[in-house]
Each structure stands twice: as structure tokens, then as C-alpha cells.
Amino acid sequence: MQYEFTNGRILHLVQGDITQVPVDAISNAANAALRGGGGVDGAIHRAGGEAIMAELDVIRAEQGGCPTGSAVATTAGRLPATYVFHAVGPIYSGAKRDAEMLASCYRRCLELADERQVKRISFPSISTGVYGYPLDEAAPIAVGTVADWLANRETSVEEAIFVLFDRRTLEAYERALKARVRN
Ligand code: ADP
């Protein structure tokens, strides 16, 4: 499914493996320690190679990691991209702050994109795997935050692509996008 905003920018929802989709910047669902994890983070490090972790080692030494709700940029190693934005989503707790932190990590990736004049950026479904965020709560936040940015901001981003690993996740994001464009 895709949606074109009146300003010509496009939001895509596709099912697939985010490491296989060529873009300028791939967003990753990382952890606050910036140490390798499983899920999409493991896939990104496996496909991108050791250069990415070497850069994260430097960032970790300088900054101690990355706070929840934020993101840090590295190059993309062997991935079909120029950058990886390592976003730290919230571990779901049921608190109101979870939603703010989830929206904030998507926005921080979009800011990193603008700083680098990125035109095409991809996102996984941040926090809905090991971090336990209920899919039907996370999808409207993810879609809404990225859609707001594309619709309303001065931004270098022309295309944002959610690359969703399984059918259930794709369908939740499709419901969220349909609900969003009805309003
Ligand atoms: P988190 O810890 O933020 O919950 P996970 O990596 O556990 O991150 O899960 C986030 C989402 O990424 C889940 O929907 C998971 O199915 C998905 N995922 C796993 N591998 C990939 C991949 N290669 N490409 C895209 N999405 C993936």
C-alpha cells in the first residue's frame, strides 16, 4: 500500500526484509546500550558487516549509548544504503510515556535524515518485537508520526518506506494508514 500526500511525498508500506530494500537511510530498532541485539538489529548487523558496530563502539565510548526516544547515525557498511539510524524505542510498560518515546524515536530519525539531505528512508516496526509494544497501539503512532512529518514539514525526505517483516504487522500498519488518511 502507498499514499501520496498533496505535496508529492510518498509513504509506502511493504512486507519484507529491511536489509534488502535500497534507500538512503535505513532505520534500525536498536537498544540503549547500542550493543547488538536480535530481531531487526541482528539482521542489520549481519548484512551490513562489522563496520557498523565499530562506529557504534566509538559513539558508545563518547556518549555512553543512546537514550530511549532518540537515535544515532552510522554509515551502512555493505547494506544497500548510505546511513543507518539506530533508533531506541521504548520497552513497553503501559505508561503514557511509551507513546511519546515511540513517536520521538521516529522523529529523531527524520531529523537525522534532514541533516543529511536523505530523500528515501526506511523504518521497521520499532518496539513491537522483543520490546513488547502492542502492534495495534504502535502502528498508529508510527504511521501518524511519519505521515505528519511528510505532510507538514520542510524536509528532504521524499519517500518513507515501512518495511514490515510479517503479514500481521503489515496489516496493522495498513489499518493505521487507512484510518489516518480518512481524517
Ligand atoms: P524491538 O526490540 O524494538 O521490539 P525487534 O527487532 O525485536 O525490535 O522487532 C521489531 C520488528 O522488526 C518486529 O516486527 C520484527 O518482526 C521485525 N523484524 C525482524 N527482522 C526484520 C527484518 N530483517 N526486516 C524488517 N523487520 C524485521
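Below you will find a few notes about this structure. Computed from a prediction, not measured in an experiment: that's the story for all the values here.

**Some words on unusual backbone geometry**
If you check the backbone angles, L34 has positive phi at about 60° while not being a glycine. Here L34 is to be found in the loop between β3 (25-30) and α1 (39-48). Owing to a relative accessible area of 2%, L34 belongs among the buried residues under this scheme. Positive phi, close to 55°, is recorded for Q117, a residue that is not glycine. Tracing the backbone shows Q117 in the loop between α3 (97-115) and β6 (120-123).

**Topic: the packing of helix α4 (residues 135-152) against helix α5 (residues 167-182)**
Following both chains from N to C, one finds α4 and α5 inclined at 50°, their axes separated by 8 Å at the closest point. Regarding the angle of α4 to α5, the classification is oblique. Like other packed secondary-structure pairs, α4 and α5 cross with a definite hand, here right-handed. Note on element contacts: α5 touches α4 through R168, T169, A172, Y173, R175, A176, L177 and R180, opposite L135, D136, A139, P140, A142, V143, G144, A147, D148 and A151. Partitioning the contact of α4 with α5 into residue classes produces 11 nonpolar, two polar and five charged.

The rules we used
Residues numbered from 1 in each chain as written. Predicted model: local features only at pLDDT ≥ 70, side-chain atom pairs only at ≥ 80, totals over all residues. Heavy atoms only, no water. Helix = DSSP H or I, 4+ residues; strand = E, 2+ residues; numbered from the N terminus. Buried < 20%, exposed > 50% of the residue type's maximum accessible area, 1.4 Å probe, protein only. Axes fitted to C-alpha atoms, helices over the stretch in contact; angles between N-to-C directions. Parallel < 35°, antiparallel > 145°, perpendicular 65-115°, else oblique. Left-handed = near helix turned anticlockwise from the far one by under 90°. Contact = heavy atoms within 4.5 Å. Nonpolar A, V, L, I, M, F, W, Y, C, P; charged D, E, K, R; others polar.

Any functional reading would require information that these geometric values do not contain.
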